[in-house]
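An overview of the molecular structure
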Amino acid sequence: MNKNKIVVFLIIAVVIAGSGCTGTAVNTATKGIAINSFTFSPTKMVNGEDGTLALEIQNIGGATAKNTKAFLYNIDSTAYFTITNSSNDNTTNHSFGDMSPPDTVNNIPSFPETVVWTLNNNGKVGAPEGIPITFDPKVRVCYLYNTTSTAEFTVISRDELRQQTQRGIYEEKPVVTRSSGGPLSIEIMTPQPIKAENGKKIKILVKVRNTDKLNGLVFQTPDNIDKCINPTEMKKLINRVNVSISIPDMPGGATLFDSQTVRLLKGDGEEGTATFTSKAVNLSNVVQKEFHIVMTTSYGYFVESQATFTLEHDGL
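Residues numbered from 1 in each chain as written. Predicted model: local features only at pLDDT ≥ 70, side-chain atom pairs only at ≥ 80, totals over all residues. Heavy atoms only, no water.

With that out of the way, let us pick up the overall build of the protein. Looking only at helices and strands, one finds three helices and 21 strands in the protein. Counting every position in the protein, which comprises 316 residues, the buried fraction comes to 40%. For the protein, the proportion of contacts with a sequence separation of at least 24, taken over those separated by at least 6, is 78%. (Helix = DSSP H or I, 4+ residues; strand = E, 2+ residues; numbered from the N terminus. Buried < 20%, exposed > 50% of the residue type's maximum accessible area, 1.4 Å probe, protein only. Contact = heavy atoms within 4.5 Å.)

Structurally, Thr-296 can be placed in strand S20 (residues 288-306). Judged by its relative accessible area of 24%, Thr-296 is partly exposed. Taking the C-alpha atoms as reference points, Thr-296 and Val-243, separated by 53 residues in sequence, lie 5.8 Å from one another. Dropping the residues within four chain positions of it, Thr-296 is found in contact with Asn-146, Thr-147, Asn-242, Val-243 and Ser-244.

What the three strands build is an open sheet, ordered S4-S21-S10; its pairing is mixed. Each having just a single partner strand, strand S4 (44-46) and strand S10 (133-135) make up the two edges of the open sheet. Each adjacent strand pair in this sheet contributes to an overall mean axis angle of 30°, direction not counted. (Pairing = 2+ DSSP bridges. Axes fitted to C-alpha atoms, helices over the stretch in contact; angles between N-to-C directions.)

It is worth spelling out the pattern of salt bridges at this point. According to the stated counting rule, one finds 13 salt bridges in the structure shown. Among the salt bridges present, the one from Glu-271 reaches Lys-266, with a minimum N-O distance of 3.7 Å. Looking at Lys-266, the relative accessible area reads 55%, which means it is exposed. Where salt bridges share partners, they join Asp-223, Lys-227, Glu-233 and Lys-236 into one cluster. (Salt bridge = Lys/Arg side-chain N within 4 Å of Asp/Glu carboxyl O.)

Let's shift gears to helix H2 (residues 158-167). The set of residues buried in H2 consists of Glu-160, Leu-161 and Gln-164. The buried residues of H2 all sit within an arc of 100° when viewed along its axis, so they share a single face. Looking at the packing, one finds that the buried side of H2 touches strand S11 (138-156), strand S14 (194-195) and S20. One or two steps after H2, the chain reaches Gly-168, where phi turns positive at roughly 75°. (Arc of directions from axis to C-beta.)

Our next topic: the state of the cysteines. On inspection of all chains with the given rule, the structure shows one disulfide. In this model Cys-142 forms its disulfide with Cys-228; the gap between the sulfur atoms is 1.9 Å. Handedness here is read from the sign of the S-S torsion; for Cys-142 and Cys-228, about -70°, the answer is left-handed. One end of the pair, Cys-142, is in strand S11; the other, Cys-228, is in the loop between strand S16 (216-219) and helix H3 (231-237), and 86 residues separate them in sequence. Each member of the pair, Cys-142 as well as Cys-228, carries the same accessibility label: buried. (Disulfide = S-S within 2.5 Å.)

Side chains Thr-177 and Ser-179 project from strand S12 (residues 176-179) onto a buried face, and the interleaved Val-176 and Arg-178 project onto a face without burial. Direction of pairing for S11 relative to S12: antiparallel, over a ladder of two bridges. By the bridge assignment for S12, Ser-149 is matched with Ser-179.

Moving on, we get to the sheet that holds strand S9 (residues 113-120). Reading across the sheet, the four strands line up as S3-S5-S9-S7 and stay open at both edges, with antiparallel pairing between neighbours. The outermost strands of the open sheet, each flanked by one partner alone, are strand S3 (33-41) and strand S7 (82-85). Neighbouring strand axes in the sheet, compared pairwise and without regard to direction, differ in orientation by 15° on average. Both S7 and S9 contribute to a ladder of four bridges, which runs antiparallel. Note on S9: the bridge partner recorded for Thr-82 is Asn-120.

On to the packing of aromatic side chains. Applying the stated criterion across every chain yields a total of 11 aromatic pairs. Relative to Phe-309, the ring of Phe-40 lies with its centre 3.7 Å away and its plane at 10°, an arrangement referred to as stacked. Taken together, the residues Phe-40 in strand S3 and Phe-309 in strand S21 (residues 309-312) connect sequence positions 269 residues apart. Neither Phe-40 nor Phe-309 differs from the other in exposure class; each is buried. Linked through ring pairs, Phe-40, Tyr-80, Phe-81, Phe-135 and Phe-309 together constitute an aromatic cluster. Sitting over the ring of Phe-302, Arg-140 keeps its end group 4.1 Å from the ring centre. (Phe/Tyr/Trp six-rings, centres within 6.5 Å; stacked < 30°, edge-to-face > 60°. Lys NZ or Arg CZ within 6 Å of the ring centre and 35° of its normal.)

Printed below as a string of structure tokens:
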């Protein structure tokens, strides 16, 4: 008898845990722009000579990386070196423009892009005899990205839900989020099911997670990508994304929700949540229907890498 009570209690606990807001995140990729390599040659540079910093990047995500730009920093470009790059557009940065993602339909990988900086020590300050100088140049690759996410939820009338429950045929479908590949993970959650009635306001909980935090940071889309390398400007933008939601197959679905800026506060920029509440909509004529959520998360993102080399006196 006691065993039966325990089984019943466990069943009730599972039912309670499964009710309310539901959602399951499905990641198809965790990166956008990846730094394939950032190297200096030679590793030991002699006074009066030059060396090269070579950067190779590739878009391995699921959307076009727009306005992609690399910024070279943490290297003295006046006292020790004259710096030029392979495109001669700027000494310490390089614009790649828009970079396409892989063609997953035809199984064609994306095309890697490269830039080479030349560091010339001729006529500049050199290393003292017997004392090599170590340099640790860094590169920051910034780009603008969109992650598109979809999910569906059930709207059902109270009478239809009661009839199906009495007959034992009602099945609650989980809200499953599917997103295009990128450095952010998106999870969409709604109550299941939503009762069909007039003046209904739909609530959607959105969770945004930076899945590549060790390698890069997310920031709110700037009006100029150069702000990505400006600490003062980044302070205003870091760990913020713009989110817009529509339900295309619902009356007025494109304007039901106001866009929001979601801040990633948990874990020092790892995760953020926001609740979206729709305008009132008339669903009283719905018996049962699956509606589709389309969510666009717009943001900037950057990844970094570092190289190391030494400048030595030619007498060493």
